[in-house]
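Chains, contacts and geometry: an overview
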Amino acid sequence: MLRAAESRWTLESREKDGVESSKPRTPEPVIEALKTDMKIQLSDQKQEFNKPPTKAGRSFSQTSIDNFTSVCSDSSEDECSPKDKLQRTTTGLPGFCVKNMQQADFGRREIENAEQEMPALMILRKKLEEDKPLDGAKVAGCTHITAQTAVLIETLVALGAQCRWAACNIFSTQNAVAAALVEKGIPVFAWKGESEDDFWWCIDRCVGAETWQPNTILDDGGDLTHWIYSKYPSLFKKIKGIVEESVTGIYRLHQLSKAGRLCVPAMNINDSVIKQKFDNLYLCKESIVEGLKRTTDFMFGGKQVVVCGYGEVGKGCCAALKSMGVVIYVTEVDPICALQACMDGFRIVTLSEIIRYVDMVITCTGNTNVVLREHLDRMKNSCIVCNMGHSNMEIDLASLKTAELRWVHVRPQVHHIIWPDGKRIILLAEGRLLNLSCSTVPSFVLSITAATQILALIELYNAPEGRYKQDVYLLPKKMDEYVAVLHLLTFDAHLTELTDNQAKYLGISKHGPFKPNYYRY
């Protein structure tokens with residue numbers, strides 16, 4: 001087809017421009033045949049693209065189409081809200097709310113694909129499935145609902161838990177995966193493109209206070225915990241603990257603890273070594289570029305970008321962008337992180353002094369009101385604004401919802417916000433988490449985080465009364481090391497073993513933990 005197009009271009013354009021070809025001219029009937037052939041091929045491709053996926057004989061191109069549709073399609077595939085539908089599984093079970101149950105088969109294939117890159121969870125299933133350490137646990141979960149978290153949820157079920165789930169982000173849910181979980185008998189209340197009202201409605205249904213009461217919480221961002229505290233505080237009498245994985249959720253838990261209102265123990269996954277050094281760093285490093293490319297078709301080489309925050313997320317983003325030839329500036333409040341950025345070759349600036357020159361602004365702080373209206377007003381035309389933190393509070397979106405500014409929805413997760421003088425900025429995912437809203441993320445890295453969440457739930461659920469007070473705890477170092485060992489098997493890595501004399505010299509067990517809690521990796 002490309003040859004046909006090239007042939008037509010070279011012949012027709014040269015005739016138009018009066019340029020003679022040195023080669024013999026192709027006869028007119030041949031040209032017409034080429035045109036007809038192109039039309040036939042385009043028609044065939046269009047028909048092939050519109051074919052529904054089949055269970056067998058799927059070509060590679062069809063798999064690619066399915067995957068892109070699953071992850072990045074607009075949520076408006078069906079204008080009817082899932083809340084307005086009477087939904088049942090193929091076995092007739094109600095009690096869930098997802099977008100489209102007909103996608104369950106494809107969602108199952110996505111989950112099975114993710115399992116291949118999540119070794120720790122598969123090992124935990126094999127080792128612990130018979131013992132059922134979570135037998136009797138009722139886990140209310142609020143996380144991103146992707147193929148990777150589906151492997152986490154199904155591992156919890158395999159270890160004996162009952163689960164109900166909602167999404168922590170209105171854009172990150174993979175609808176096919178949600179349907180596949182429901183078909184397995186796991187109540188899910190989530191779909192891609194929820195409104196704010198839908199978001200809280202789904203969390204409320206997930207809690208299921210009238211018919212089902214959780215005794216453990218797995219949260220990402222603290223919204224589920226906040227909702228139970230606000231609406232169903234009596235449920236905490238039966239809840240054994242909270243497992244929280246995001247900086248936003250940990251901040252909320254520490255606030256409750258300081259105010260004396262935290263009434264159950266909580267496990268801080270976000271600040272565990274294994275989460276900080278792998279999920280926050282490597283996951284962001286490997287996913288930010290894909291998210292930006294899918295949404296903007298942005299050319300990176302030579303562009304100027306300011307990254308707000310140089311924690312592990314900011315470090316991962318900067319490393320990825322630097323490899324693409326981007327000129328990077330960093331804003332930071334912490335002098336230690338700022339010095340690290342300087343030593344890595346990045347200039348530390350304030351947002352106000354650089355904002356008018358950059359082509360892109362990326363927030364990675366976990367804080368609120370990092371990018372204000374005064375910064376947005378001073379941005380250059382077509383500046384891209386996005387967030388790699390958990391919450392959309394880092395960008396002052398409320399200030400952009402005024403009469404003088406016009407919002408144009410360009411493509412899924414992309415808005416142009418146009419000023420009266422014609423200047424526009426490009427906002428991605430409405431300021432929510434870019435990588436999970438606009439692309440996919442590496443399953444292997446999420447296996448690390450998911451394994452720590454499972455171990456934390458097992459620890460809190462089985463801990464004897466009195467071991468944990470009503471406070472926020474870090475994951476025990478031994479668990480961090482165990483999760484690392486589970487993943488080293490994938491690389492056929494061979495650890496050196498301490499001798500008895502060496503262990504005695506260091507004052508540690510030869511089997512670990514190998515570092516004190518205060519050690520900074």
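Starting afresh in each chain, residues are numbered from 1 along the sequence in its written order. With pLDDT at 70 or above as the cut-off, local features in this predicted model cover only qualifying residues; side-chain atom pairs require 80 or more to be listed or tallied, and sums for whole chains, interfaces and linings still use all residues. Hydrogens are left out, water is left out, and the side-chain values use all remaining heavy atoms of the structure.

1. Points about the overall build of the protein chain
Helix and strand definitions follow DSSP, with helices as H or I runs of at least four residues and strands as E runs of at least two, each counted in order from the N terminus. In terms of helices and strands, the protein chain carries 19 helices and 15 strands. Sequence-distant contacts in the protein chain: of pairs separated by 6 or more residues, those separated by 24 or more amount to 70%. The Shrake-Rupley method, run with a 1.4 Å probe sphere, supplies the accessible areas, and residue values consider only the shown protein chains as cover. Split by element, the accessible area of the protein chain, about 25900 Å² in all, is 53% carbon and sulfur. In this analysis, two residues are considered to be in contact whenever any of their non-hydrogen atoms come within 4.5 Å of each other.

2. Brief notes about the nonpolar core
Throughout, nonpolar core names a set of buried Ala, Val, Leu, Ile, Met, Phe, Trp, Tyr and Cys residues whose side chains join them through atoms within 4.5 Å. Relative accessibility decides the category of a residue: with a 1.4 Å probe and only protein chains considered, values under 20% of the type maximum give buried, values over 50% give exposed, and everything between is partly exposed. By size, the foremost hydrophobic cluster in this structure holds 94 residues, and its most contacted members are L156 and V188. When sequence neighbours within four positions are dropped, the list of residues in contact with V188 reads F96, C97, V98, I145, W165, A178, L181 and V182. By size, the runner-up hydrophobic cluster in this structure holds 32 residues, among which are I217, L262, A266 and V472.

3. Observations regarding the side chain of N215
Residue position: N215 is located in the loop between α8 (196–207) and β4 (216–219). In the analysis that follows, any N or O atom pair within 3.5 Å is treated as a polar contact, provided that within protein one partner can donate a hydrogen and the other can accept it, and provided that, for residues neighboring in sequence, both atoms belong to side chains. Within the structure, N215 has its side chain in polar contact with the backbone oxygen of G136 (distance 3.1 Å). Contacts of N215, omitting those with residues within four sequence positions, involve G136, A137, K138, K238, I239, K240, G241 and Y461.

4. Points about the pattern of salt bridges
For side chains of opposite charge, pairing can occur when their charged atoms come near one another. Whenever a carboxyl oxygen of Asp or Glu lies within 4 Å of a side-chain nitrogen of Lys or Arg, that contact is scored as a salt bridge. Overall, the coordinates contain 13 salt bridges when judged by the stated rule. In this structure, R252 and D223 form a salt bridge, with 3.0 Å as the shortest nitrogen-oxygen distance. Taken as a pair, R252 in helix α10 (residues 247–258) and D223 in helix α9 (residues 223–231) lie far apart in primary sequence, 29 residues in all. The shortest N-O distance in the salt bridge between E312 and K277 comes to 3.2 Å. In this pair, E312 sits in helix α12 (residues 312–322) while K277 sits in helix α11 (residues 273–296), placing the two residues 35 residues apart along the sequence. Among the charged side chains, a network of salt bridges with common partners joins R373, D377 and E404.

5. A look at the side chain of E481
Structurally, E481 can be placed in helix α18 (residues 477–488). Charge assignment in this entry is limited to Lys and Arg as positive and Asp and Glu as negative, and neither His nor the chain termini are counted. Here E481 sits buried without a salt bridge, and the closest side chain of opposite charge, K478, lies 4.6 Å off (N-O distance). Dropping the residues within four chain positions of it, E481 is found in contact with G512, P513, F514 and K515.

6. Topic: the environment of D480
With respect to the secondary-structure elements, D480 resides in helix α18. Each C-alpha atom of the pair D480 and P513 lies 9.1 Å from the other, and the pair is 33 residues apart in sequence. Apart from the residues lying within four places of it in its own chain, the contact partners of D480 are S272, V273, I274 and L475.

7. Details of the sheet that holds strand β7 (residues 304–308)
With respect to topology, 8 strands assemble into an open sheet ordered β9-β8-β7-β10-β11-β14-β13-β12, the strand pairing being mixed. One side of each edge strand has no neighbouring strand; the edge strands of this open sheet are β9 (347–348) and β12 (406–411). By this definition, two strands are paired if DSSP reports at least two bridges between them. Both β7 and strand β8 (residues 327–331) contribute to a ladder of 5 bridges, which runs parallel. The residue of β8 that forms the bridge with V307 is V330.

8. Considerations on a nonpolar patch on the surface
Any residue with relative accessible area above 30% and no salt bridge may belong to a patch, with like charges joined within 9 Å and the nonpolar Val, Leu, Ile, Met, Phe, Trp and Tyr side chains within 5 Å. A grouping of Y518, Y519 and Y521 is seen on the molecular surface, where their side chains present a nonpolar patch of about 370 Å² in accessible area. Looking at Y518, the relative accessible area reads 66%, which means it is exposed.

9. Side note on the sheet that holds strand β6 (residues 266–268)
Across the sheet, 7 strands lie side by side as β3-β2-β1-β4-β5-β6-β15; this open sheet has parallel pairing. Of all strands in the sheet, those bounded by a partner on one side alone are β3 (188–189) and β15 (472–474). Pairing of β4 with strand β5 (residues 241–244) involves 4 bridges; the strand directions are parallel. In the strand pairing of β5, T216 is matched with G241. Each of β1 (138–143), β4 and β5 is contacted by α9, which is oriented at about 135° to β4, the strand it contacts most. To obtain each axis, a line is fitted to C-alpha atoms, and for helices this fit is confined to the stretch in contact; angles are then taken between N-to-C directions over 0 to 180 degrees.

10. Quick word on the packing of aromatic side chains
Each Phe, Tyr or Trp ring (for Trp, its six-membered ring) is paired with any other whose centre lies within 6.5 Å, and the angle between the two planes then decides the class: stacked below 30 degrees, edge-to-face above 60, tilted in between. Within this structure, the stated rule accounts for 9 aromatic pairs. With a centroid separation of 5.7 Å and an interplanar angle of 35°, the aromatic rings of F278 and Y282 are classed as tilted. Placement of the pair is F278 and Y282 together in helix α11, with a separation of 4 residues, close to one helical turn. Taking relative accessible area as the criterion, F278 reaches 31% and is therefore assigned partly exposed. On the basis of an interplanar angle of 65° and a centroid distance of 6.0 Å, the ring pair of Y310 and F346 is categorised as edge-to-face. On the criterion of sequence distance, the pair formed by Y310 in the loop between β7 and α12 and F346 in the loop between α13 (335–343) and β9 is long-range, its members being 36 residues apart. Across this residue pair, the class does not change: Y310 and F346 are buried. Members of the aromatic cluster, each reached through a chain of ring pairs, are F199, W200 and W227. In this scheme, the term charge over a ring applies when either NZ of a lysine or CZ of an arginine sits within 6 Å of the ring centre and within 35 degrees of the ring normal. Residue placement shows K240 over the ring face of Y461; its charged tip is 4.4 Å from the ring centre. The ring of F298 has K303 sitting right over it, with the charged end atom 4.4 Å from the ring centre.

11. Some remarks on the packing of helix α5 (residues 119–128) against helix α17 (residues 443–462)
For the pair α5 and α17, interaxial distance at closest approach is 7 Å and the crossing angle is 35°. Contacts from P119, A120, L121, L124 and L128 in α5 reach F444, S447, A450, A451, I454, L455 and I458 in α17. Gly is put with the polar residues, along with every residue not named as nonpolar or charged; the nonpolar set is Ala, Val, Leu, Ile, Met, Phe, Trp, Tyr, Cys and Pro, and the charged set is Asp, Glu, Lys and Arg. Split into classes, the residues belonging to the contact of α5 with α17 amount to 11 nonpolar, 1 polar and no charged.

12. Some remarks on the environment of A140
Along the chain, A140 turns up in strand β1. On the basis of relative accessible area, A140 is assigned to the buried category, the value being 0%. Expressed as a C-alpha distance, the spacing of A140 and C163, which sit 23 residues apart in the sequence, is 5.9 Å. Those residues in contact with A140, other than ones at most four positions away along the chain, are R164, W212, P214, T216, I217, L218 and L224.

Read these as geometric descriptors, not functional statements.
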